[in-house]
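Architecture and fold: a report
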There are 2 protein chains.
Amino acid sequence: MNDMKQNECCYQEVLRTLFRVLKPMSSEMIGLEDGLGRVSSASVTASFPRPLFDESVRDGYVIAETTGHGESVQRYRITGEIPAGSPYGKVLGAGTGCRIMTGGCVPEGGSRVIPHEDCREVDGDILVEKKKLSWNIYIRRKGADISEGDVLVGRGILLQAGHLAHLASCGVQKIDVATLPVVGFFCTGSELRHMNERDLENGQKISSNSLLLRGLLDSIGIPCQDFGIIPDNRQSLLDCFLAAKKSNVDVLISTGGMGPGKYDLVEKLFLEAGGNLIFTELGMRPGKSVLFGTLGKTLFFGLPGPPYAVQTLFNLLVVPVVFSLQGLKEQLPRKTTAYLEHDIPVKRSDLLCFKDGVLELRDGKCYVRLADRDESPNCYIMLSAGQLFFKKGEMVEICLA
Amino acid sequence: MNDMKQNECCYQEVLRTLFRVLKPMSSEMIGLEDGLGRVSSASVTASFPRPLFDESVRDGYVIAETTGHGESVQRYRITGEIPAGSPYGKVLGAGTGCRIMTGGCVPEGGSRVIPHEDCREVDGDILVEKKKLSWNIYIRRKGADISEGDVLVGRGILLQAGHLAHLASCGVQKIDVATLPVVGFFCTGSELRHMNERDLENGQKISSNSLLLRGLLDSIGIPCQDFGIIPDNRQSLLDCFLAAKKSNVDVLISTGGMGPGKYDLVEKLFLEAGGNLIFTELGMRPGKSVLFGTLGKTLFFGLPGPPYAVQTLFNLLVVPVVFSLQGLKEQLPRKTTAYLEHDIPVKRSDLLCFKDGVLELRDGKCYVRLADRDESPNCYIMLSAGQLFFKKGEMVEICLA
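Residues numbered from 1 in each chain as written. Chains lettered and ligands numbered in written order. Predicted model: local features only at pLDDT ≥ 70, side-chain atom pairs only at ≥ 80, totals over all residues. Heavy atoms only, no water.

Points about the domain arrangement of chain A
Quoted interface sizes are often the accessible area lost when the parts come together. By the assigned domains, chain A splits into domain 1 (11-25 + 180-325), domain 2 (28-47 + 154-178), domain 3 (55-140) and domain 4 (335-400). Centre-to-centre separation of domain 2 of chain A and domain 3 of chain A, based on C-alpha positions: 38 Å. (Domains from an automatic or database assignment.)

Considerations on the side chain of Ser40 of chain A
Along the polypeptide, Ser40 of chain A turns up in the loop between β1 (27-31) and β2 (44-45). Excluding its chain neighbours within four sequence positions, the residues that come into contact with Ser40 of chain A are Val153, Gly154, Arg155, Gly156, Ile157, Leu159, Asp176 and Val177 of chain A. (Helix = DSSP H or I, 4+ residues; strand = E, 2+ residues; numbered from the N terminus. Contact = heavy atoms within 4.5 Å.)

Concerning the UniProt feature "domain: MoaB/Mog" (unreviewed entry) in chain A
On the UniProt side, "domain: MoaB/Mog" (unreviewed entry) is annotated at positions that read residues 184-324 of chain A here. Between the end C-alpha atoms of residues 184-324 of chain A there is a gap of 17 Å, over a span that is 35% helix and 27% strand. (UniProt positions renumbered as here; feature names shortened; annotations may be inferred.)

Structural notes on the interface of chain A and chain B
Taken together, the contacts link 73 residues of chain A with 73 residues of chain B. Between chain A and chain B, roughly 5,800 Å² of surface is buried when both sides are summed, and carbon and sulfur atoms account for 58% of that area. Taken together, the connections running from chain A to chain B amount to two salt bridges. Note that Lys205 of chain B and Glu55 of chain A form a salt bridge whose closest N and O atoms lie 2.8 Å from each other. (Buried area = accessible area lost by both parts, 1.4 Å probe. Salt bridge = Lys/Arg side-chain N within 4 Å of Asp/Glu carboxyl O.)

So, the sheet that holds strand β16 (residues 224-230) of chain A
Residues and elements named next belong to chain A. Across the sheet, which stays open at both edges, the six strands sit in the order β16-β13-β17-β21-β20-β18 with mixed pairing between neighbours. Edge strands, defined here as strands with exactly one partner in the open sheet, are β16 and β18 (276-279). Between one strand axis and the next, the sheet turns through 20° on average, direction left out of account. Note: strand β20 (residues 291-295) against strand β21 (residues 298-303), five bridges, orientation antiparallel. Residue pairing in the sheet places Phe292 in a bridge with Phe301 of β21. Across the sheet, helix α1 (residues 11-21) is in contact with β18, β20 and β21; its angle to β18 comes to roughly 150°. Sheet strands touched by helix α6 (residues 307-325): β13 (183-188), β17 (251-255) and β21. Its angle to β21, the strand with the most contacts, is close to 170°. (Pairing = 2+ DSSP bridges. Axes fitted to C-alpha atoms, helices over the stretch in contact; angles between N-to-C directions.)

Some thoughts on the sheet that holds strand β8 (residues 120-122) of chain B
Residues and elements named next belong to chain B. Ordered by their spatial adjacency, six strands build an open sheet running β7-β4-β6-β5-β9-β8, and the pairing between neighbours is mixed. Edge positions in the sheet fall to β7 (112-115) and β8, since each of these pairs with one other strand and no more. Between one strand axis and the next, the sheet turns through 40° on average, direction left out of account. In this sheet, β7 lies alongside strand β4 (residues 60-63) in antiparallel orientation, the contact comprising four bridges.

Let's talk about the nonpolar core
With 47 residues, the main nonpolar core has Tyr11, Leu18, Ile253, Phe301, Leu317 and Phe354 of chain A as its most contacted residues. Built from parts of two domains, this core gets at least three residues from each of domain 1 (11-25 + 180-325) and domain 4 (335-400) of chain A. Setting aside residues no more than four positions away along its own chain, Phe301 of chain A makes contact with Leu18, Val251, Leu252, Ile253, Ser254, Leu291, Phe292, Leu317, Val318 and Val321 of chain A. One finds Phe19, Phe301, Val310 and Phe354 of chain B within the second-largest nonpolar core, a separate group that totals 46 residues. (Core = buried A, V, L, I, M, F, W, Y, C linked by side-chain atoms within 4.5 Å. Buried < 20%, exposed > 50% of the residue type's maximum accessible area, 1.4 Å probe, protein only.)

A short note on the relation of the copies chain A and chain B
Each copy of the sequence occupies a distinct position, and chain A is placed on chain B by a rotation of 180° and an axial shift of 0.0 Å, giving an RMSD of 0.0 Å. Classification of the inter-copy transformation places it as that of a two-fold axis. Among all C-alpha atoms of chain A, that of Lys365 of chain A lies closest to the rotation axis, at 2.1 Å. When the interface residues of chain A are mapped onto chain B, 100% of them are again interface residues, pointing to one common binding face. (Least-squares fit on C-alpha atoms with pLDDT ≥ 70 in both.)

Some details on the packing of aromatic side chains
All told, the structure shown has 16 aromatic pairs over all chains when counted by the stated rule. Consider the rings of Tyr11 of chain A and Phe354 of chain A, whose centres lie 5.3 Å apart with planes at 75°: the pair is edge-to-face. Taken as a pair, Tyr11 of chain A in helix α1 and Phe354 of chain A in strand β24 (residues 352-362) lie far apart in primary sequence, 343 residues in all. Like Tyr11 of chain A, the residue Phe354 of chain A is buried in the burial classification. Each residue in the set Phe186, Phe241, Phe270 and Phe300 of chain A is aromatic and connected to the rest through ring pairs, giving one cluster. The ring of Tyr367 of chain B carries the charged tip of Arg362 of chain B above its face, separated from the ring centre by 4.3 Å. (Phe/Tyr/Trp six-rings, centres within 6.5 Å; stacked < 30°, edge-to-face > 60°. Lys NZ or Arg CZ within 6 Å of the ring centre and 35° of its normal.)

Digging into helix α3 (residues 208-219) of chain B
Within an α-helix, residues lying three or four positions from one another point in the same direction, as the helix has 3.6 residues per turn. All names here are of chain B. Helix length check: α3, at twelve residues, gives a terminal C-alpha distance of 17 Å against a target of 16 Å (1.5 Å per residue), a fit within 8%. Buried within α3 we find Ser208, Asn209, Ser210, Leu211, Leu212, Leu213, Gly215, Leu216 and Leu217. Downstream of α3 by a residue or two, Gly221 has a phi angle that is positive, lying close to 70°. (Expected span 1.5 Å × (residues − 1).)

Observations regarding the packing of α1 of chain A against α6 of chain A
Residue and element names in this part refer to chain A. For the pair α1 and α6, the least separation of the axes is 10 Å and the interaxial angle reads 35°. For α1 against α6, the interelement crossing comes out right-handed. On α6, the residues touching Tyr11, Val14, Leu15, Leu18 and Phe19 of α1 are Leu316, Leu317, Pro320, Val321 and Ser324. (Left-handed = near helix turned anticlockwise from the far one by under 90°.)

Comments concerning the pattern of salt bridges
Residue and element names in this part refer to chain A. Overall, the coordinates contain 46 salt bridges over all chains when judged by the stated rule. Taking the shortest distance from any N to any O, the salt bridge between Arg50 and Asp145 comes out at 3.6 Å. Linking Arg50 in the loop between β2 and β3 (55-56) with Asp145 in the loop between β10 (139-140) and β11 (151-153), this pair joins segments that are 95 residues apart in sequence. Relative accessible area serves as the criterion here: at 25%, Asp145 is assigned to the partly exposed category.

As for the environment of Leu192 of chain B
For Leu192 of chain B, the position within the fold is in strand β14 (residues 192-193). Every residue in contact with Leu192 of chain B, bar those within four places of it in the chain, is listed here: Cys187, Lys205, Ile206, Ser207 and Ile229 of chain B.

A few points about the environment of Gly37 of chain A
Residues and elements named next belong to chain A. Assignment of secondary structure puts Gly37 in the loop between β1 and β2. Taking the C-alpha atoms as reference points, Gly37 and Leu291, separated by 254 residues in sequence, lie 29 Å from one another. Setting aside its immediate chain neighbours within four residues, Gly37 contacts Leu158 and Leu159.

Remarks on unusual backbone geometry
All names here are of chain A. In this structure, Pro286 follows Arg285 across a cis peptide bond, with omega equal to -10°. For Pro286, the location among the structural elements is in the loop between β19 (284-285) and β20. Even without being glycine, Asp123 reaches a positive phi, approximately 50°. Although it is not a glycine, Tyr138 sits at a positive phi angle of roughly 55°. Its location among the elements puts Tyr138 in the loop between β9 (125-129) and β10.

Overview of the environment of Gln74 of chain A
Residues and elements named next belong to chain A. Along the chain, the position of Gln74 falls in strand β5 (residues 73-82). Distance from Gln74 to Cys119, taken between C-alpha atoms, is 9.8 Å for residues 45 residues apart in sequence. If we skip the residues at most four places from it in the chain, Gln74 touches Thr66, Ile126, Leu127, Val128, Lys130 and Leu133. For Gln74, the side chain forms a polar contact with the side chain of Tyr76, separated by 2.5 Å. (Polar contact = N/O pair within 3.5 Å; in protein donor to acceptor, adjacent residues only side chain to side chain.)

Details of the confidence of the model for chain A
Averaged over every residue, the pLDDT of chain A is 93; residues scoring 70 or more account for 97%. Across residues 1-8 of chain A, confidence stays below pLDDT 50; counting only partners more than four residues off in sequence or on other chains, it has 20 contacts. (pLDDT = per-residue confidence, 0-100.)

Points about the pairing of β13 of chain A
Two faces belong to every sheet, and in a regular strand the side chains alternate between them. Residues and elements named next belong to chain A. The element β13 is extensively covered by neighbouring structure, given that six of its six residues are classed as buried. With burial as the criterion, each face of β13 is covered, one bearing Val183, Phe185 and Cys187 and the other bearing Gly184, Phe186 and Thr188. Alignment of β13 against β16, held across five bridges, turns out to be parallel. Within β16, the residue paired with Phe185 across the bridge is Asp226. Pairing between β13 and β17: five bridges, direction parallel. Following the sheet pairing, Phe186 is matched in β17 by Ser254.

Structure, rendered in structure tokens:
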């Protein structure tokens, strides 16, 4: 509660607070082959140039050009063959040439490659018309793409397959990346049962949030630790908070137990376990009942129970934090605007409201509609406070999921 | 070569051919907890309704309403407490009530929940003004969301975390999904060396395509088998094709060895290994030199060597096939249109040309620009044949990566 007044905080302010509180992960050196989905914590430079040698870009003949002959057809003696991977090993003498393949190493003395289709091979000689000798020499010079020491990938970039291949091609074998944060979670509620339980008694429910959080974390490549289903009693909750505090999780998420009710104990036990609250509600829906604070070195999110709220708040609050912890340069979530596909009436307009949306791109424009119940949202529609009716065709802000 | 004339095939035609040739994967029953990223091969129905019982949606009191009293304030005797997960176990008598929590099970006889804020507790009684008894009874009836047997997720859907939670909440424990295809790959070229090799000799290169393909496959959750780096000689290539044919890979990809050169042996050895060619070039760039065919039960893609072409053709050809094999209902790649951010001149306009693009959404519109070299493309700009200059602001088709 130290630096935000309740009900006054809007979403941007909340994100700023989160980013201010978190302490970036340390970095570690890993093999490039393990780099997919990791965030670079230093810029990466080329260990060697690309290409690494003067390289033929066509199948044909490399020649050591002679000048001043004046004949309309030039003739070069073929002295060998250079397949890719096998250099010639000596200097190409003036007036001679070699068969060469795409990717083959142009020998010293070689001044030009003549593609197959631009010449003829006759009696061990290459015959080429002078007019075929264009400006294009079909040689990619050593370092033409990239020089040794060039920055290949900056700091704070989420590494994808293409980045890794790009780095490998310039001799990079190890990279400095942010350590992956570990996210722990638990679901509170005496009514909750594990999804594989067969016979539910009256009043019991499947804890679908456990599966939801594990899936959401898996989807973004973040390792997780499931602290289980915790019944609504003081001791179980306190034990869980203390176990999480002792563990090495960087972020802890709880679901449920957030109401004003007698069995809604999460806030109390978080404080008893030594937690430091930073905010207890946000000026938005879902989010009116959300805890955020620190428990030792762990960042804690107390989320409400309904799965749609868990998923929305995970994407709007936890994902930005998890990537910011890793030093991602781009700030999440990505926001943009889109045209509403249909009217959306709102019951209460006191707070900013996030709705599950589906963004569709058509005819160069962005359209957004409410997601169906069985549909995965790909964005959240931000319905601003103070407006009770949003009209088809109106432009609204959205956060990409 | 059996059903497409060379140079005549456009991209859509190519995709149609691919989809016609492939045989869908079989299906398997797996635990819901393993379902992330899998494609449903049958529609999934609810094992039980949601909610599973009449459920209070507020913290407050459940009452068995009495009628006809006429007093402005009604009084109900409190006879117990119903936390979530602990049903009352008996019928609630008329004129009595129970404390109940959000998610608590409304007992037989309970006709309405009165939220805390709408009543007072005095001497073990609940006092409620009659005018507070609104139309809203704050009870979510058994099956109000979902009835037993309702279809929760259709066939051919890529399962995400939200789907899994939705299924779990309705008692689904196992799901029928398409078996994951296994994709094998090898990179040809006598000049190629493994990325961890320290000292390259003149003319040698790092095989960055191995890392690229592994990363691209990892990114879409597809298991892969690396058949290694294969030098440009007949026996090594033949052995590799035969090993792949004997293995259980569903799709096989090669890179390199596709030119007209003497050491470009992929097509020849594919045929010698018993392969059946379906096309050998596409009317597009990259793609002018691509093999596609079948080798026993394996689908084979012979891709060219340059990594940008490998990545583009992987996204444009292999990804659609890999998901179509799994019966994904949505056909990939997703196509849309966007406004060019800058002019793009083209050197040759004889063929449809795909360029690495970055799609950006701004002010409700889709803008696309060429990707920088160190940037991961998120789409491919389709520059249609017959046009040498594409103007800033012009609308172009794009395929999302």
